[in-house]
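Breakdown of the fold
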Amino acid sequence: MKYLIIGNSAAAAVGAIEAIRSQDRTNPITVISDEPYLAYSRPLISYLLAGQVSQENMFYREKDFYENNRVEARLGEKAISVDPESKSITLETGEKLFFDKLLLATGGTPIFPEVEGRDLEGVFTFTRWDDVQKIMEFMARNRIEKAVVVGGGLIGLKATEALVERGIKVTVVELADRILSITFDHKAAAMVEGYLKERGVNIITDNTVSLIKGDNSKVEKVILKDQREVPCQLLIFAIGVQPNVDLVRGTSIRVNRGIVVNKYLETSVPDIYAAGDVAEAFDLVMGIDRPIPIWPSAYIQGTVAGYNMAGLPREYGGWFAMNSVDICGLPTISVGLTVPPEDGYEILEDHHPQKLTYRKIVLKDELVVGAIFIGKIDRAGIITGLIKDRVKVSGFKQHLLREDFGLVWLPKEYRKHMVSGVGVEV
Amino acid sequence: MKEIFVRLNRCTGCHSCQLACAVEHSASKSLFAAITETPRPRYRLYVELGNGEKVPLLCRHCDPAPCLEACMSGAIYRDERGVVLGRDQSCVGCWNCMMACPYGVVGWQKERRIAVKCDLCPDLEVPACVKACPTKALVYAEAEEFTGGVRRAAAGVIARAAAAGG
């Protein structure tokens, strides 16, 4: 039995290795990654740029993780094709590797729009360690006073935070009518926007970069859709990622937006699995299969795929969008569906713009389907649990936004169900 | 693995456990010095009062643990005994664990940008909260040991009820 994992993007691959090794201590596991690093955490790249995390602390597991788990890590080697029929993959060097069980954990690729001038020096994307490495090298060689970040989503704002931390004046350009439009409603977005503006960040919405201009091959300014000019010596594109499905295009492995998987996270081809940002798995709030590029579901999918690869059947119960991001010291959490798409939802709200706190809970048919927490995030996980376990909140929903909200306000049956073990109650 | 169990009917909601927890997790480990420390030491268990009940809530060291699954820096890990722990030096304060814990028992020390949770007091034989509980509502025991006790107690209640009824 030979296990092969393509992708080193920490969460899914590491989750799979841990699950496989909990069942199978002996059969060989090989990891192929085009990145030269041991499994590291991609969300940490903004902390690396800010100088808040050292290179040493970028790694997701101990340095001897691969060794201890007897994993052959072939880092810096790129897989270029998969052949499901012969159960093999081909590397860039032409070498062929055979597998019995394959996991595709190729993650996402940044969207880099075809804007004129994007090849100028000083223009970057922001998803990998190497991106930050290049940005830091560029910053060391050039005087950077102003930067433009295209994309006001979570990655864009984390990049913004890092640049602010380094004393750079940042302008965020966002296509939607507000920042954080995918995860937050208008009230939450306005709160974060006001907070960032107070810290000197310039935010331009309903706009986009239509032209990048430079001199001496280096970026000097961007021209926006409305002809406005914004000078900058550094430009970061952070407008999102898409599932990295290049490897399986044209094969018998079914691809929709991401790689299609069943509840065992197996693709349309037996013995080939997919997990993490590349997989199109079940979203239990939306009730559909779709890629959700977030950390917890990537790790969980990795473990589920790993167990199945090792022969222990495990079902993936589904997950949902959830993001916790601290932006320049303002803690924010969004879970599930935060803006109802139509009528028929109930909203509970506790909004204090002056105090910089906002809590919102979205209900549908007496179930919590989404929530926002800004400023005050303690005990937020209890609400996440109600979404995940699909607990009817009739009878206690009036307590959900209490100042002293806690488990004690939930029905006893639920509290018992949560705790495993006889005699263990909460 | 020894765990902390709760005998709900014994809790009086006095918060002694929280105080002892905060002191044990302070720099000085003394109550008088701890109250002047900056940042203020944080407790890692939560005595909830409300709804006519008193409920001390502790980390269950779940397996699988939602906080560990959600931790994107790798700071949260499970040690060889099965205890779910956090490494302060790896925590970046993203609060994913707080978003994920269904008991709401991961807290933060915001000034230090780190999440804090129950570590079962690695320097002590008996965790500080258990030792401090005046009514012995908190019990530090192996699961079989504790549930055995619960079963015996329940049997006693049933026997007494039967005797009274008979």
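Located above this text is the structure these notes cover.
This write-up is about the structure you can find in this document. Remember, predicted model here, so these are calculated numbers, not experimental data. (Residues numbered from 1 in each chain as written. Chains lettered and ligands numbered in written order. Predicted model: local features only at pLDDT ≥ 70, side-chain atom pairs only at ≥ 80, totals over all residues.)

Thoughts on the overall build of chain A
Filter applied, for reference: Each helix corresponds to a stretch of at least 4 residues labelled H or I by DSSP, and each strand to a stretch of at least 2 residues labelled E; elements are numbered beginning at the N terminus. Here exposure depends only on C-beta density: within 10 Å of a residue's C-beta, 20 or more other C-beta atoms make it buried, 12 or fewer make it exposed, and intermediate numbers make it partly exposed, the C-beta atoms being placed from the backbone. What counts as a contact here is a pair of residues whose C-beta atoms, placed from the backbone, lie within 7 Å.
Within chain A, the secondary structure is distributed over 9 helices and 26 strands. Within the span of chain A, comprising 426 residues, buried residues form 47% of the whole. Across chain A, the fraction of contacts at a sequence separation of at least 24, relative to all contacts at a separation of at least 6, is 63%.

Notes on the overall build of chain B
Check the secondary structure of chain B and you find 6 helices and 8 strands. Referenced to the eigenvectors of the C-alpha coordinate spread, the extents of chain B come out at roughly 65 × 35 × 35 Å. Of all 166 residues assigned to chain B, the portion counted as buried reaches 43%. Summarising the internal contacts of chain B: among those between residues at least 6 apart in sequence, 55% fall at separations of at least 24.

Thoughts on the packing of helix α1 (residues 10-23) of chain A against helix α7 (residues 295-309) of chain A
The angle between the axes and the distance between the axes are what describe a pair of packed helices. Residues and elements named next belong to chain A. Our working rule: Each axis is a line fitted through C-alpha atoms, and for a helix only the stretch in contact is used; angles between axes span 0 to 180 degrees, taken between their N-to-C directions. When the near helix sits turned anticlockwise from the far one by under a right angle, the crossing is termed left-handed; a clockwise turn instead gives a right-handed crossing. In the scheme used here, Gly and all other residues not listed as nonpolar or charged are polar, with Ala, Val, Leu, Ile, Met, Phe, Trp, Tyr, Cys and Pro taken as nonpolar and Asp, Glu, Lys and Arg as charged.
In contact at an axis separation of 7 Å, α1 and α7 are set at 35° when each is read in the N-to-C sense. Every pair of crossing elements has a handedness; the one defined by α1 and α7 is right-handed. Within the contact between the two elements, α1 uses Ala-11, Ala-12, Ala-13, Val-14, Gly-15, Ala-16, Ile-17, Glu-18, Ala-19, Ile-20 and Gln-23 and α7 uses Trp-295, Ala-298, Tyr-299, Ile-300, Gln-301, Gly-302, Thr-303, Ala-305, Gly-306, Tyr-307 and Met-309. Along the lines of polarity and charge, the residues of the contact of α1 with α7 split into 15 nonpolar, 6 polar and 1 charged.

Considering the sheet that holds strand β4 (residues 79-83) of chain A
All names here are of chain A. Test applied: DSSP bridges decide pairing: two strands pair if at least two such bridges lie between them.
Across the sheet, 3 strands lie side by side as β4-β5-β6; this open sheet has antiparallel pairing. The open sheet has two edge strands, β4 and β6 (96-98), and neither has a second partner. Each strand axis lies, on average, 25° off the axis of its neighbour in the sheet, ignoring direction. Inspection of the sheet shows strand β5 (residues 88-91) paired to β6 by 3 bridges, in the antiparallel sense. For Ser-88, the partnering residue across the bridge sits in β6 and is Phe-98.

What about helix α5 (residues 154-165) of chain A?
Residue and element names in this part refer to chain A. Using the following cut-off: Here a helix's expected span is defined as the number of its residues, less one, multiplied by 1.5 Å.
Given a rise of 1.5 Å per residue, 12 residues ought to cover 16 Å, and the 16 Å separating the end C-alpha atoms of α5 matches this to within 8%. Among the 12 residues of α5, 10 are classified as buried, and the element is accordingly described as predominantly covered. For α5, the complete set of buried residues consists of Leu-154, Ile-155, Gly-156, Leu-157, Lys-158, Ala-159, Thr-160, Glu-161, Ala-162 and Leu-163. With its phi angle positive at about 80°, Gly-167 sits one or two positions after the end of α5.

A few points about the interface of chain A and chain B
Often, the extent of an interface is quoted as the loss of accessible area on bringing the components together. Taken together, the 42 residues of chain A in the interface contact 34 residues of chain B. Elements represented by at least two residues in the side of chain A that touches chain B include exactly α7, β22 (322-327), β23 (330-336) and α8 (380-388) of chain A. Top element by residues in the side of chain A that touches chain B is α8 of chain A. It accounts for 5 residues. Looking at the side of chain A that touches chain B residue by residue, the class counts come to 26 nonpolar, 10 polar and 6 charged.

These results come straight from atomic positions and should not be treated as a statement about function.
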